[in-house]
Amino acid sequence: MTDTALDISLTVNGERVAERVDARKTLVDFLREDLVLTGSHIGCEHGVCGACTVRVNGEIVRGCLMLAVQCDGATVETIEGLSDTTEIADLQAAFEQRNALQCGYCTPGMLVAAQDLLKRANNNKTVPSREDIRAHLSGNYCRCTGYHAIVDAVQAVAQQRAGGKK
Ligand code: FES
Ligand code: FES
């Protein structure tokens, strides 16, 4: 820890957290190293691949482009939180059923980004098209699957939720 360390307090996955962090530490490094929430992955470290996607105050962000100290007072939700609350249980099941992952490295970021799209669609009472899904996930890179199975899985859940089946 350097003399540029600062005290922050925030809510992470529903729990209050108070930590002293280096001012230069990224949010994703803070989550992984300080809180041992390793579901958020690190790929490119400069905002391109989406592996580090998390929610801050309800909006998805790149955890590698945000500093932990910027989250002082914020509400942060990671893939662990979304999983524990079962908010994305249907998406996770659809990914599994449709083989929408291989190594799984991109999967946490994909799920967080996909849930963002589905929530927005639900709020607007719309059902995202295949093109909408592709556009929304265009900032999340997968090195394994191609993207068809991922888009299939998200589309299936979009239609299920629109039908009220969830
Ligand atoms: S690690 Fe953050 S966008 Fe790639
Ligand atoms: S499943 Fe391996 S990077 Fe997407």
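Look up: the structure comes first, before these words.
Residues numbered from 1 in each chain as written. Chains lettered and ligands numbered in written order. Predicted model: local features only at pLDDT ≥ 70, side-chain atom pairs only at ≥ 80, totals over all residues. Heavy atoms only, no water.

**A word on the pairing of strand β3 (residues 53-56)**
The criterion, for reference: Note on exposure labels: buried denotes an accessible area under 20% of the residue type's maximum, exposed denotes more than 50%, and partly exposed covers the range between, all computed with a 1.4 Å probe on protein chains only. We count a stretch as a helix when DSSP gives it H or I for four or more residues in a row; a strand needs E for two or more, and each element gets its number in order from the N terminus. Two strands qualify as a pair provided that DSSP identifies no fewer than 2 bridges between them.
Of the two faces of β3, the one carrying Thr53 and Arg55 and the one carrying Val54 and Val56 are both buried. Here four bridges tie β3 to strand β4 (residues 59-62), and the two strands are oriented antiparallel to one another. Along β4, the bridge assignment pairs Val56 with Glu59. Linking two consecutive strands that pair antiparallel, namely β3 and β4, is a turn of two residues; a positive phi of about 50° is found at Asn57 within it. Direction of pairing for β3 relative to strand β5 (residues 75-77): antiparallel, over a ladder of two bridges. Paired with Val56 across the bridge in β5 is Val76.

**Here we look at the pattern of salt bridges**
Which entries qualify depends on this criterion: Salt bridge, as used here: a side-chain nitrogen of Lys or Arg that lies within 4 Å of a carboxyl oxygen of Asp or Glu.
Within the structure shown, the criterion is met by ten salt bridges. For Asp90, the salt bridge is made with Arg161, and the minimal N-O distance between the two is 2.8 Å. Of this pair, Asp90 sits in helix α3 (residues 89-97) while Arg161 sits in helix α6 (residues 148-162), placing them 71 residues apart in sequence. With respect to burial, Asp90 and Arg161 carry one shared label: buried. Counted as one network, the salt bridges with shared partners bring together Lys25, Glu33 and Asp34.

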